[in-house]
Amino acid sequence: MLFDETSICACSFCREINGELSCSLPQAAFTVVLVSSGLVSITAGDHSAVLSAGEFFLCAGTAVNLAPDVNCHILAAGFCGSAADTAAKGLLSPLVGDCKVCPMTAALLAELSARLKNGSSGLSSLCYQILCETANADASAPRLSPLVSQAVLAIRQNYAGLYGVEELSAQLGVSKSHLVRVFSAEMGVGPGQYLTSVRLEAAKVLLTRRDYPLEVVATLSGFSGANYLCKVFKKNTGITPTEYRAQFAGGIRGGALNDLEAALYT
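Computed from a predicted model, the values in this text were never measured in an experiment. (Residues numbered from 1 in each chain as written. Predicted model: local features only at pLDDT ≥ 70, side-chain atom pairs only at ≥ 80, totals over all residues. Heavy atoms only, no water.)

Caption draft 1: Geometry of the pattern of salt bridges. Within the structure shown, the criterion is met by 4 salt bridges. With its nearest N and O atoms 2.9 Å apart, the salt bridge here joins Glu16 to Lys117. Note that Glu16 is positioned in strand 1 (residues 10–18) and Lys117 in helix 2 (residues 105–117), a separation of 101 residues in sequence. When its relative accessible area of 36% is taken as the criterion, Glu16 is described as partly exposed. In this structure, the salt-bridge partner of Glu111 is Arg115, at a minimum N-O distance of 3.3 Å. Residue Glu111 and its partner Arg115 are located together in helix 2, separated by 4 residues, close to a single helical turn. Since its relative accessible area comes to 35%, Glu111 is described here as partly exposed. (Salt bridge = Lys/Arg side-chain N within 4 Å of Asp/Glu carboxyl O. Helix = DSSP H or I, 4+ residues; strand = E, 2+ residues; numbered from the N terminus. Buried < 20%, exposed > 50% of the residue type's maximum accessible area, 1.4 Å probe, protein only.)

See the structure below:
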């Protein structure tokens, strides 16, 4: 062998993520996260962003934390090697981009994921293609302003303990009316409605993956009680939490407690 092609470009990790409450990606020289459906909050070092379907996130040399909504589908991959190092040097800060600028990224990541699952080897050229495809990513601009990104991140990180929009606006150092106006313009819904939707996502996951009583589900997902959870749940889904659990109880049961569960119920 004249040279090791993996020294030029190789895959450090590749993950397909479907609607998990939160998860982490390991540090890599260059990381690509692509959202094909739903909405996800992302933190990488001191940087935070919110991505919707059709957007991707690039960062270099840092671990990434994801907080997807329950219907979110994500493809993520990390790369190493000299080509990844070169790409990282050109990325001055984490970047959110529109997939229209890099239209082949989704297909290439999907192919990488499938080939890794099949145990394929010799993936360096495919990894290099992905890096080349994202080379013009800085031609697109972030969709959300820093204020709205921070608001979404704060909601997703503390939906169970957040009192309401008044507390959120105080945390962010702006008036409630300003936050509502800017948030609604960029997200299409107000921060209160978005907070409720995040709590419903959490409740759905708990209902299908745990056997907790409704009162516990309500507490862990930020509702004031089981009765209020049932009222909001049926208004938004057309069925009760009990009916939802009966229909979708095929989710993964048990497993490690998340941080909030561990704090309250261990």
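Let us keep going from here.
Caption draft 2: Up close: the environment of Ala246. Here Ala246 shows up in helix 10 (residues 241–248). Residues Ala246 and Thr208, spaced 38 residues apart in sequence, show a C-alpha to C-alpha distance of 8.3 Å.

Caption draft 3: Looking closely at the nonpolar core. Ranked by size, the top nonpolar core spans 25 residues in total, and within it Phe30, Phe56, Leu58, Phe79, Leu109, Leu112 and Leu131 carry the most contacts. Broken down by element, the residue count for this core peaks at 4 residues, all from helix 3 (residues 124–133). Ala154, Leu162, Val165 and Leu179 belong to the second largest nonpolar core, which has 21 residues in total. (Core = buried A, V, L, I, M, F, W, Y, C linked by side-chain atoms within 4.5 Å.)

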